[in-house]
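The chain contents come next:
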Amino acid sequence: AGPLRNGKGSPYEAGYRLPCIVRWPGKVPAGRVNDAIFATIDFMPTFANLCGFTVPGDRRIDGIDQTELLLGKRETGRDYFYFNNAGVRKGKWKYLKPNAHFHGYAVEDDRKKVDELYDLESDLGETTNLAAKHPDIVAELKQLTEDISKWK
């Protein structure tokens, strides 16, 4: 996983970060690199739009249409909520709850069960917990995780 922390089954970046390579000559800009979040759940609404279909309106669709990101008309992605509502990523900030879910093989025995906040632009390896320095950001992101839990 290179500089990324932990691995599969973990809410840390090594458990989630994967490349997405797209080739569509004349539509997707060649050679473009972007680190915006594009989740697999976004493929259905994005492909529906690209094919001229309407996303079903009789059920909740978790993905969002990322056509503009894919075609190079937008540089930003989406907020991302981690499995079992372990935390959220918004822009450069990543928040993990004290009780964040880890699969058994990914558990870090020495992990303190506290709010965690990382600036992924400057600390991709999630080595420095900034929660104490940015309580306002922790509060905002914690509220997002509480709001999303009401969707169920």
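About the thresholds
Residues numbered from 1 in each chain as written. Predicted model: local features only at pLDDT ≥ 70, side-chain atom pairs only at ≥ 80, totals over all residues. Heavy atoms only, no water. Helix = DSSP H or I, 4+ residues; strand = E, 2+ residues; numbered from the N terminus. Expected span 1.5 Å × (residues − 1). Buried < 20%, exposed > 50% of the residue type's maximum accessible area, 1.4 Å probe, protein only. Arc of directions from axis to C-beta. Contact = heavy atoms within 4.5 Å. Polar contact = N/O pair within 3.5 Å; in protein donor to acceptor, adjacent residues only side chain to side chain. Phe/Tyr/Trp six-rings, centres within 6.5 Å; stacked < 30°, edge-to-face > 60°. Lys NZ or Arg CZ within 6 Å of the ring centre and 35° of its normal. Core = buried A, V, L, I, M, F, W, Y, C linked by side-chain atoms within 4.5 Å. Salt bridge = Lys/Arg side-chain N within 4 Å of Asp/Glu carboxyl O. 1 Å grid on protein atoms, 1.4 Å probe; cavity = no way out; pocket = protein on both sides within 12 Å on 5 of 7 lines; lining within 4 Å. Points joined across faces, edges and corners; volume = space filled by probe spheres on them. Nonpolar A, V, L, I, M, F, W, Y, C, P; charged D, E, K, R; others polar.

Student: Just checking my understanding: could you explain helix H3 (residues 135-149) for this structure?
Tutor: Count 3.6 residues to each turn of an α-helix, and residues three or four apart come out pointing the same way. The end-to-end C-alpha separation of H3 is 21 Å, in line with the 21 Å expected for 15 residues at 1.5 Å each. Restricting attention to buried positions, one finds in H3 the residues Ile137, Val138, Leu141, Thr145 and Ile148. Across the axial projection of H3, the buried residues extend over an arc of 100°, all falling on one side. For H3, the exposed residues lying more than 90 degrees away from the buried face are Pro135 and Asp136. The inward-facing, buried residues of H3 contact strand E1 (80-81), strand E2 (87-90), strand E3 (93-96) and strand E4 (116-119).

Student: Even after reading the chapter, I still don't get helix H1 (residues 43-50), so can you show me in this structure?
Tutor: Those residues of H1 that fall on the buried side of the exposure criterion are Pro45, Thr46 and Ala48. One face of H1 carries all of its buried residues, which in axial projection span an arc of 160°. Where H1 is buried, its residues contact helix H2 (67-70). Directly beyond the C-terminal end of H1, a positive phi value near 85° is found at Gly52.

Student: Just checking my understanding: could you explain the side chain of Lys94 for this structure?
Tutor: Within the element layout of this structure, Lys94 appears in strand E3. With a relative accessible area of 0%, Lys94 lands in the buried category. At 2.8 Å, the side chain of Lys94 and the side chain of Glu13 are in polar contact. Residues within four places of Lys94 in sequence aside, it is in contact with Pro11, Tyr12, Glu13, Tyr82, Val88, Arg89, Glu116, Leu117, Tyr118, Leu120 and Glu126.

Student: I tried to follow the packing of aromatic side chains on my own but got confused; where do I start?
Tutor: Between two aromatic rings, the relevant description is the distance of the centres plus the angle of the planes. As enumerated under the stated definition, the model contains seven aromatic pairs in all. Relative to Phe43, the ring of Phe38 lies with its centre 5.0 Å away and its plane at 50°, an arrangement referred to as tilted. Accessibility expressed as a relative area gives 27% for Phe43, which makes it partly exposed. Residues Tyr80 and Tyr82 carry aromatic rings whose centres are separated by 5.1 Å and whose planes lie at 85° to one another, so their mutual orientation is edge-to-face. If you follow Arg5 out to its NZ or CZ, it ends over the ring of Tyr12, 3.8 Å from the centre.

Student: Help me understand the nonpolar core, please; the structure alone is not making it clear to me.
Tutor: It is characteristic of soluble globular proteins that their nonpolar side chains tend to be buried jointly. Counting twelve residues, the largest nonpolar core is built from Tyr12, Ile37, Ala39, Tyr80, Tyr82, Ala86, Leu96, Ala100, Phe102, Ala106, Tyr118 and Leu120. For Ala106, the contacting residues outside a window of four places in its chain are Asn6, Lys8, Gly9 and Ser10. Grouped together as the second largest cluster of nonpolar side chains are nine residues, Val88, Tyr95, Leu117 and Ile137 included.

Student: How should the environment of Ile61 be read in this particular structure?
Tutor: Here Ile61 shows up in the loop between H1 and H2. For Ile61, a relative accessible area of 25% puts it in the partly exposed group. C-alpha separation for the pair Ile61 and Ile41, spaced 20 residues apart in sequence, amounts to 8.4 Å. Setting aside chain neighbours within four positions, we find Ile61 in contact with Met44, Pro45, Val55 and Pro56.

Student: Please explain the pattern of salt bridges as it appears in this structure.
Tutor: In total, this model carries twelve salt bridges according to the counting rule given. Notably, a salt bridge pairs Arg111 with Glu116, separated by 2.6 Å at the nearest N-O pair. Judged by its relative accessible area of 12%, Arg111 is buried. The network of salt bridges with common partners includes Glu13, Arg17, Lys94 and Glu126.

Student: I keep staring at the layout of surface pockets and nothing clicks. Help me out?
Tutor: Rolled over the atoms, a probe as big as a water molecule pinpoints where empty space is left. The computed volume of the largest pocket comes to approximately 1,500 Å³. Every residue lining the largest pocket is counted, 42 residues in all, and those nearest its centre are Ile37, Phe38, Ala39, Thr40 and Tyr80. If you list the elements that add at least two residues to the lining of the largest pocket, you get H2, E1 and H3. Grouping the constituent residues of the lining of the largest pocket by class yields 25 nonpolar, seven polar and ten charged.

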